[in-house]
Amino acid sequence: MIDASQKTLEDFLNGFSNVAFFLDNRRIIQAANTPAQATFGQDTTGQNFVAIMRRPEVLRLIDNCLTHGHQAQELLALDGVLRGDFQVTASRVGESEVVISFADQTDIRAAERMRSDFVANVSHELRSPLTSISGFIETLQGPAKDDEQAQIRFLDLMKQEAGRMDRLIGDLLSLSKVESDAHVLPRSSVELGDLVTRVIAVLTQPAAKAGVVVEVKTQDVLFQVQGDEDQLIQVFRNLIENAVKYGGDGGIVSVSLDQLPNAPGIRGKAVSVAVSDQGEGFARRHLPRLTERFYRVDDGRAREKGGTGLGLAIVKHIVQRHRGRLLIDSIEGKGSTFTVLLPGAD
Ligand code: ADP
């Protein structure tokens, strides 16, 4: 049975959208709001707060508030029934009571951590080519000052490193553009058969240089989707470039287009574009992380091939913006297939 004053207290506490308790001056729980009851159970009223949470920092907040009367707040990582990062606030109400509330900051903190990791990664990625370039400049000013052959070689290496920085900045700008467009559904009509053929035409020569042949398997139909043409070009360019890069000398990269009456996770009919290679592939354990920014299966090898580590992250974001799906399949030592599924248009 809840009496009238208990009901008023609970109504007051339900003004807090976060877990909140009303405690008397001995830390006995007088009332718990609906989120608190959902988390800690229905019958916490009458218990000492320490029985449901033993964290010394939280108890200290309550006691400080009781003793000094002012609001006390602390960001705490909790790992009991309440798990995650919480802004814990103790506020004095009335003569000698306290409301303690827990605002869940887990997602905000995770986003902050991701942002600072990203900045650290970008700085690191930019610093390594810059360090190489500085080293080459010193060599050119010192030991190689009069060595024309060495100068030609070092200038060439410096050009490669500058190219790496340029690609990285280009990819960062693409990623930021894709992210800012994330919630805007593209509206133009794009025919993927023609688009993929154009991408392959541009990549045929660099592929041949790497000893790889790119072939396309398609049918005599239109693969119409609603999309952003430039972004879709980027998707297939990144996937085919990767297939060429990691596909191995003498290999064949095949790009197949299909129309499907339905596909998991896609509304209505779908268009599928699969890019397969016969390269080294990778172990299954890499799959969940492959589209993360700067994740590389073999760090040294990917860098040596001039990769920025951002290609698949860009692909994933563009595909998501188009309400599509990216499927990845790979067998170590045999090759990989990256399939883009997009909702088909009439
Ligand atoms: P990168 O610029 O390093 O190629 P991506 O984001 O495009 O970055 O790819 C991330 C990582 O995924 C690569 O470093 C590579 O290890 C792996 N990868 C991508 N495509 C393939 C592929 N076709 N075969 C094998 N590994 C691949």
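Residues numbered from 1 in each chain as written. Predicted model: local features only at pLDDT ≥ 70, side-chain atom pairs only at ≥ 80, totals over all residues. Heavy atoms only, no water.

This paragraph deals with the overall build of the chain. In terms of regular secondary structure, the chain is built from 10 helices and 12 strands. Relative to the globule expectation of 20 Å for 346 residues, the C-alpha radius of gyration of the chain, 29 Å, shows a markedly less compact shape. Counting all 346 residues of the chain, 42% fall into the buried class. In the chain, the proportion of contacts linking residues at least 24 apart, taken out of those at least 6 apart, comes to 60%. Carbon and sulfur atoms provide 51% of the accessible area of the chain, an area that totals close to 19,200 Å². Positive and negative charge centroids in the chain, built from 39 and 46 side chains respectively, lie 1 Å apart. (Helix = DSSP H or I, 4+ residues; strand = E, 2+ residues; numbered from the N terminus. Rg over C-alpha atoms; globule rule 2.2 N^0.38 Å. Buried < 20%, exposed > 50% of the residue type's maximum accessible area, 1.4 Å probe, protein only. Contact = heavy atoms within 4.5 Å. Areas by Shrake-Rupley, 256 points an atom, 1.4 Å probe, with all protein chains shown as cover. Lys, Arg positive; Asp, Glu negative; His and termini not counted. Charge placed at Lys NZ, Arg CZ, Asp CG, Glu CD.)

Backbone hydrogen bonds hold the strands of a sheet together, and the pairing may be parallel or antiparallel. The strand order across the open sheet built from five strands is E7-E9-E10-E12-E11, with neighbouring strands paired in mixed fashion. Across the chains shown, the open sheet's two edge strands, defined by having one partner strand only, are strand E7 (213-217) and strand E11 (325-331). Sheet twist, expressed as the average angle between the axes of neighbouring strands with direction ignored, equals 15 degrees. As defined by bridge partners, strand E9 (residues 252-260) adjoins strand E10 (residues 270-276) across seven bridges and the pair is classed as antiparallel. Bridge pairing in E10 places Leu-257 opposite Val-273. (Pairing = 2+ DSSP bridges. Axes fitted to C-alpha atoms, helices over the stretch in contact; angles between N-to-C directions.)

Let's shift gears to the pattern of salt bridges. Per the counting criterion, the structure on display carries 16 salt bridges. Here Asp-63 ties to Arg-27 by a salt bridge, and the two come within 2.7 Å at their closest N and O atoms. You can see Asp-63 sitting in helix H4 (residues 56-68) and its partner Arg-27 sitting in the loop between strand E1 (19-23) and strand E2 (29-32), a full 36 residues away along the chain. Residue classification places Arg-27 among the buried residues on the basis of a relative accessible area of 19%. A salt bridge links Glu-57 to Arg-55; its shortest N-O distance comes to 2.8 Å. Looking at Arg-55, the relative accessible area reads 24%, which means it is partly exposed. Here the salt bridges share partners, and the residues they tie into one network are Lys-177, Asp-181, Asp-228 and Arg-321. (Salt bridge = Lys/Arg side-chain N within 4 Å of Asp/Glu carboxyl O.)

Here the focus is the packing of aromatic side chains. Tallying each qualifying case throughout the model produces eight aromatic pairs. With centroids separated by 5.4 Å and ring planes inclined at 35 degrees, the aromatic side chains of Phe-136 and Phe-154 adopt a geometry described as tilted. Taken together, the positions of Phe-136 in helix H5 (residues 106-141) and Phe-154 in helix H6 (residues 148-180) put the pair 18 residues apart, joining distant regions of the chain. What makes Phe-136 buried here is its relative accessible area of 16%. Ring pairing ties together the aromatic residues Phe-21, Phe-40, Phe-49 and Phe-102, which thus form one cluster. (Phe/Tyr/Trp six-rings, centres within 6.5 Å; stacked < 30°, edge-to-face > 60°.)

It is worth spelling out the layout of surface pockets at this point. Which parts of space are left empty comes out when a probe the size of a water molecule is rolled across the atoms. Reported here for the largest pocket is a volume of approximately 1,100 Å³. Counting residues per element, the ones that place at least two in the lining of the largest pocket are H6, helix H8 (229-246), helix H9 (299-304), helix H10 (311-321) and strand E12 (335-343). Here the lining of the largest pocket takes nine residues from H8, the largest share from any one element. For the lining of the largest pocket, the class distribution of residues is 13 nonpolar, 13 polar and 16 charged. What the second largest pocket holds in volume is close to 260 Å³. As for the second largest pocket, its lining consists of Met-114, Asp-117, Phe-118, Asn-121, Thr-291, Glu-292, Arg-293, Phe-294, Ala-313, Lys-316 and His-317. (1 Å grid on protein atoms, 1.4 Å probe; cavity = no way out; pocket = protein on both sides within 12 Å on 5 of 7 lines; lining within 4 Å. Points joined across faces, edges and corners; volume = space filled by probe spheres on them. Nonpolar A, V, L, I, M, F, W, Y, C, P; charged D, E, K, R; others polar.)

Attention now moves to H8. With 18 residues, H8 extends 26 Å between its outermost C-alpha atoms, agreeing within 8% with the 26 Å of an ideal straight helix rising 1.5 Å per residue. Its side-chain oxygen at 3.2 Å from the backbone nitrogen of Asp-230, Asp-228 defines the N-terminal cap of H8. Looking one or two residues beyond H8, the residue adopting positive phi is Gly-248, at roughly 90 degrees. (Expected span 1.5 Å × (residues − 1). Polar contact = N/O pair within 3.5 Å; in protein donor to acceptor, adjacent residues only side chain to side chain.)

Angle between the axes and distance between the axes are the two parameters that describe a pair of packed helices. Viewed as axis vectors pointing N to C, H6 and H10 meet at an angle of 20 degrees, and their least axial separation amounts to 10 Å. Between H6 and H10, the interaxial angle falls into the category roughly parallel. You can see that H6 and H10 cross each other, and the crossing is left-handed. Residues Asp-171, Ser-174, Leu-175, Val-178 and Glu-179 of H6 form the contact with H10, whose own contacting residues are Gly-311, Ala-313, Ile-314, His-317 and Ile-318. (Parallel < 35°, antiparallel > 145°, perpendicular 65-115°, else oblique. Left-handed = near helix turned anticlockwise from the far one by under 90°.)

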